[in-house]
Amino acid sequence: MATPAPPNEETPRRSSAAEPSPAPPLIESQGLCFTYRGSGTAALRGLDFRQERGEFVVLMGASGAGKSTFCRCLNGLIPNFQKGELTGSLAVCGESVSDRPTHESARKVGLVFQDFEAQLFCSSTDLELAFGPENLCLPPAEILGRVVELMPFLGLDGLERREPATLSGGEKQRLAIGAVLAMAPQLLVLDEPTSDLDPEGKDAVFAIATALRKSGMGVLAVEHETDRALAADLVVLLVNGRVKAAGPPRRVLVRRELLEQSGVRPPDLCEAFLALGDEEPPFTVEEATQRLLENGWYFDGVEQAALVQEEEKRRAAYGDVLVKAENLSHRYEGARTAVNEVSFEIRAGEFVALVGQNGCGKTTLLNHFNGLLAPTRGVVRIYGKPTTEHSLAELGRRVGYVFQNPDHQIFADTVFDEVAFAPRNQSLDGQQVSKRVNEALTAVELSGKEKEDPFSLTKGERQRVAVASVLAAKPEILLFDEPTTGLDHRQQRLMMDLIRKLNEQGHTVVMITHSMWAVTHYAHRCLVMHEGKLLADGPVRQVFADVELLASASLSAPPLVRFSTEMGVTVLTAEELRQCLVTREEE
């Protein structure tokens, strides 16, 4: 089990009748501290941690809590490659990590980075799996045996000769995990393995972790989604480089205040039932259904009808058509058609979520809105005019695009210069440029950061700098590609609240996301893509009520939505649940 660091913290402990194993723990750290070279702040501050062999542990916490730093200590990347001051003790499989060279640690600890694509570099899938064992100088027959065994386990059967770059996001993630597993480590460490994946891809990764746990391998995963953490033996919360709490998921994830302090989003169902006064809230759809029946509660269809009526009023208030796709198709040279005969309209004031599994054509579709791509067939009209007839400067003034990774968008030495780039290119004078910059930074709540280096800011702050740089051009349409990826719960809320505010101020928003909770809490309308085609288009409530439709696109609604839909009334948030659910006290 994981042991709490600060002795004065209230920490749930797991109870177990099992006898302690005579073997040393898989991981044990005592007083572990680390400060990156050049940093004045310690990333780890006396971290005490213990994980037994065969356990599946999920590590959670806000950005900067020390999760990734701890992961990189486990295989010697810290301090051997990422320099700094390391004190305290850390042992893996009973051996001190500091006494072992990194190449020896690689035999015991397999680490999959958050940016898993950076770990893939071979020309085919089977060569990627063989690379690690080859570097361990294993016999060719044994290497081949490991590759053959792993392919079906990873769900990659038939893709042996595929170039990794041509795989879907979920397939790439499983391949990166497989490349590490091929070296037969005793501990698999996954640093935010699901942040870029669709729901099906996330399920596949956690299915692999669960299977490995059953085989006796230890798994340590950094994760932001609490619903996924239920599969673990243990959840450990880190705050400021220390263990804040540790225990079985159902004991840790019911503590709302603790989760908020740790920057972790409470599970939707659990949070909703806690608000209803349920001291032992359900975590799954099945448990929630049983609890509802036991308590004699029921849903008020009149209340849901009122919610639908409000949505209809909102749709009636939308303005003119700003974006219109007519039989749009796009085919990349030498590849299959990425977008196939897609047609839809988007009106002024809408907040549209574009969802679908990895590789279904979402980003390709969005890239047509601002002229980054031209249609192979069909047409995209912005303000009634085909994008191919707009100049790029004209499209840039009308359509703002915030990329998934803000670091692909930021290039200036200061925040001011970054945000001022677009106004300067519009030939505005110095006073007008300063006015635009001040307005944009105020909108994203970064006033006072003008002189700072953008790359010295946190990921969430860099994301907001990218938004400000787009806002400074005064576009009417805002495009966001995965705006919450890589952000902790608090940063995700800040980003989504900012996007909602911009929409309420008159901007039309189109957002690609794999975060289904972000769709249900913020979007008005949902476009579902599957294999390049538009599978569904409608209000979020209507689309997410169709369980079979979402499943056909390898998607699933959040547990709260699935639970209410099974009960005959689709609610999207915990607030709506409290509004529509009639308890005995309310009768």
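**Examining the overall build of the protein chain**
Part 1 of the reasoning: Across its full length, the protein chain holds 24 helices and 22 strands.
Part 2 of the reasoning: Projected onto its principal axes, the C-alpha positions of the protein chain cover 70 × 60 × 50 Å.
Part 3 of the reasoning: Burial statistics for the protein chain: of 587 residues in total, 55% are counted as buried.
Part 4 of the reasoning: By sequence separation, contacts in the protein chain at least 24 residues apart represent 68% of the contacts at least 6 residues apart.
Part 5 of the reasoning: Of the roughly 24800 Å² of accessible surface on the protein chain, a fraction of 48% belongs to carbon and sulfur atoms.
Part 6 of the reasoning: For the protein chain, the distance from the average position of its 61 positive side-chain charges to the average position of its 82 negative side-chain charges is 3 Å.

**A closer look at empty space enclosed by the protein**
Part 1 of the reasoning: Scanning the model with the defined rule gives 1 cavity of 30 Å³ or more in all.
Part 2 of the reasoning: What the largest cavity holds in volume is close to 220 Å³.
Part 3 of the reasoning: Lining the largest cavity are 18 residues, with Ser 195, His 224, Glu 225, Gln 492 and Ser 515 positioned closest to its centre.
Part 4 of the reasoning: Its residues placed into classes, the lining of the largest cavity shows 2 nonpolar, 10 polar and 6 charged.
Part 5 of the reasoning: In terms of domain composition, the lining of the largest cavity takes at least three residues from each of domain 1 (27–257) and domain 2 (307–556).

**Describing the domain arrangement of the protein chain**
Part 1 of the reasoning: Each domain of the protein chain was delimited in the assignment, giving domain 1 (27–257) and domain 2 (307–556).
Part 2 of the reasoning: Taken together, the 16 residues of domain 1 in the interface contact 14 residues of domain 2.
Part 3 of the reasoning: Summed over both sides, the interface between domain 1 and domain 2 buries roughly 1100 Å², with carbon and sulfur atoms accounting for 45% of that surface.
Part 4 of the reasoning: In this structure, the connection of domain 1 to domain 2 is made through 0 salt bridges.
Part 5 of the reasoning: For the interface between domain 1 and domain 2, the tally reads 3 residue pairs in polar contact (both at pLDDT 80 or more).

**Things to note about the packing of aromatic side chains**
Part 1 of the reasoning: The tally for this structure, following the rule as stated, stands at 11 aromatic pairs.
Part 2 of the reasoning: An angle of 70° between the planes, with centres 5.1 Å apart, marks the rings of Tyr 401 and Phe 403 as edge-to-face.
Part 3 of the reasoning: Among the aromatic residues, those joined into a ring-pair cluster are Phe 273, Trp 297, Phe 299 and Phe 563.
Part 4 of the reasoning: The aromatic ring of Tyr 383 is capped on one face by Arg 398, whose charged end is 4.2 Å from the ring centroid.

**Description of the sheet that holds strand S10 (residues 242–247)**
Part 1 of the reasoning: With mixed pairing, the 6 strands of this open sheet are ordered in space as S6-S7-S8-S3-S9-S10. Every interior strand has two partners, whereas the edge strands, strand S6 (109–112) and S10, have only one. Going across the sheet, the axis of each strand differs from the next one's by a mean of 20°, ignoring polarity.
Part 2 of the reasoning: Bridge analysis of strand S9 (residues 234–239) against S10 gives 5 bridges, and the strand direction is antiparallel. Across the sheet, residue Val 235 finds its bridge partner in S10, namely Gly 247.
Part 3 of the reasoning: This element, helix H7 (residues 199–214), spans strand S3 (56–61), strand S7 (187–191) and strand S8 (218–222) of the sheet and lies at about 135° to S3.

**Here's the deal with the confidence of the model for the protein chain**
Part 1 of the reasoning: A residue-level look at the protein chain finds 96% of positions with pLDDT of 70 or above and a mean pLDDT of 89.
Part 2 of the reasoning: Between residues 1–18, whose pLDDT stays under 50, and residues either more than four places distant or in other chains, the model counts 49 contacts.

**Let's talk about helix H18 (residues 459–471)**
Part 1 of the reasoning: For H18, with 13 residues, the first-to-last C-alpha span of 18 Å sits near the 18 Å given by 1.5 Å per residue.
Part 2 of the reasoning: Burial within H18 is extensive, with 12 of its 13 residues counted as buried.
Part 3 of the reasoning: For H18, the complete set of buried residues consists of Gly 460, Glu 461, Arg 462, Gln 463, Arg 464, Val 465, Ala 466, Val 467, Ala 468, Ser 469, Val 470 and Leu 471.

**What about the pattern of salt bridges?**
Part 1 of the reasoning: One pass over the full model with this rule turns up 32 salt bridges.
Part 2 of the reasoning: Asp 203 is the partner of Arg 228 in a salt bridge, and the nearest nitrogen-oxygen pair spans 2.2 Å. Of this pair, Arg 228 sits in helix H8 (residues 226–229) while Asp 203 sits in helix H7; the two residues are 25 residues apart in sequence, bridging distant segments of the chain.
Part 3 of the reasoning: Overall, the relative accessible area of 16% leaves Arg 228 in the buried class.
Part 4 of the reasoning: Relative accessible area serves as the criterion here: at 41%, Asp 203 is assigned to the partly exposed category.

**Structural notes on the state of the cysteines**
Part 1 of the reasoning: Counting across every chain of the model gives 0 disulfides.
Part 2 of the reasoning: Free of any disulfide, Cys 93 has its nearest neighbouring cysteine sulfur in Cys 71, separated by 15 Å.
Part 3 of the reasoning: Exposure remark for Cys 93: the relative accessible area of 10% places this residue in the buried category.

**Here we look at the sheet that holds strand S2 (residues 44–51)**
Part 1 of the reasoning: Taken in spatial order, the 4 strands make up an open sheet running S2-S1-S4-S5, and their pairing is antiparallel. Here the strands that pair on one side only, and so sit at the sheet edges, are S2 and strand S5 (95–96).
Part 2 of the reasoning: Of the strand pairs in this sheet, strand S1 (residues 27–36) and S2 are connected by 6 bridges, and their pairing is antiparallel. Its bridge partner lying in S2, Phe 34 is registered against Leu 44.

**Quick word on the packing of helix H4 (residues 125–135) against helix H6 (residues 169–181)**
Part 1 of the reasoning: At a closest axis distance of 7 Å, the pairing of H4 and H6 adopts a crossing angle of 35°. Listed contacts from H6 to Thr 125, Glu 128 and Leu 129 of H4 are Leu 175, Gly 178 and Ala 179.
Part 2 of the reasoning: Split by residue class, the contact of H4 with H6 holds 3 nonpolar, 2 polar and 1 charged.

**With respect to the packing of H4 against helix H5 (residues 140–153)**
Part 1 of the reasoning: Close contact between H4 and H5 brings their axes to 9 Å; oriented N to C, the two are set at 130°. The orientation of H4 relative to H5 falls into the category oblique. Here H4 runs over H5; the crossing is right-handed. Of the residues in H5, those in contact with Thr 125, Asp 126, Leu 129, Ala 130, Pro 133 and Glu 134 of H4 are Ile 143, Arg 146, Val 147, Leu 150 and Met 151.
Part 2 of the reasoning: Considering only residue class, the contact of H4 with H5 consists of 7 nonpolar, 1 polar and 3 charged.

**A look at the side chain of Asp 488**
Part 1 of the reasoning: Tracing the backbone through its elements, the reader meets Asp 488 in the loop between strand S18 (477–481) and helix H19 (489–504).
Part 2 of the reasoning: Among buried charged residues, Asp 488 stands out as having no salt bridge; its nearest opposite-charge side chain is Arg 490, 6.1 Å away.
Part 3 of the reasoning: Within the structure, Asp 488 has its side chain in polar contact with the backbone nitrogen of Ser 63 (distance 2.6 Å).
Part 4 of the reasoning: Within polar-contact distance, the side chain of Asp 488 engages the backbone nitrogen of Gln 491 at 2.8 Å.
Part 5 of the reasoning: Not counting residues within four places of it along the chain, the set of residues in contact with Asp 488 comprises Gly 61, Ala 62, Ser 63, His 224 and Gly 263.

The rules behind the values
Residues numbered from 1 in each chain as written. Predicted model: local features only at pLDDT ≥ 70, side-chain atom pairs only at ≥ 80, totals over all residues. Heavy atoms only, no water. Helix = DSSP H or I, 4+ residues; strand = E, 2+ residues; numbered from the N terminus. Buried < 20%, exposed > 50% of the residue type's maximum accessible area, 1.4 Å probe, protein only. Contact = heavy atoms within 4.5 Å. Areas by Shrake-Rupley, 256 points an atom, 1.4 Å probe, with all protein chains shown as cover. Lys, Arg positive; Asp, Glu negative; His and termini not counted. Charge placed at Lys NZ, Arg CZ, Asp CG, Glu CD. 1 Å grid on protein atoms, 1.4 Å probe; cavity = no way out; pocket = protein on both sides within 12 Å on 5 of 7 lines; lining within 4 Å. Points joined across faces, edges and corners; volume = space filled by probe spheres on them. Nonpolar A, V, L, I, M, F, W, Y, C, P; charged D, E, K, R; others polar. Domains from an automatic or database assignment. Buried area = accessible area lost by both parts, 1.4 Å probe. Salt bridge = Lys/Arg side-chain N within 4 Å of Asp/Glu carboxyl O. Polar contact = N/O pair within 3.5 Å; in protein donor to acceptor, adjacent residues only side chain to side chain. Phe/Tyr/Trp six-rings, centres within 6.5 Å; stacked < 30°, edge-to-face > 60°. Lys NZ or Arg CZ within 6 Å of the ring centre and 35° of its normal. Pairing = 2+ DSSP bridges. Axes fitted to C-alpha atoms, helices over the stretch in contact; angles between N-to-C directions. pLDDT = per-residue confidence, 0-100. Expected span 1.5 Å × (residues − 1). Disulfide = S-S within 2.5 Å. Parallel < 35°, antiparallel > 145°, perpendicular 65-115°, else oblique. Left-handed = near helix turned anticlockwise from the far one by under 90°.

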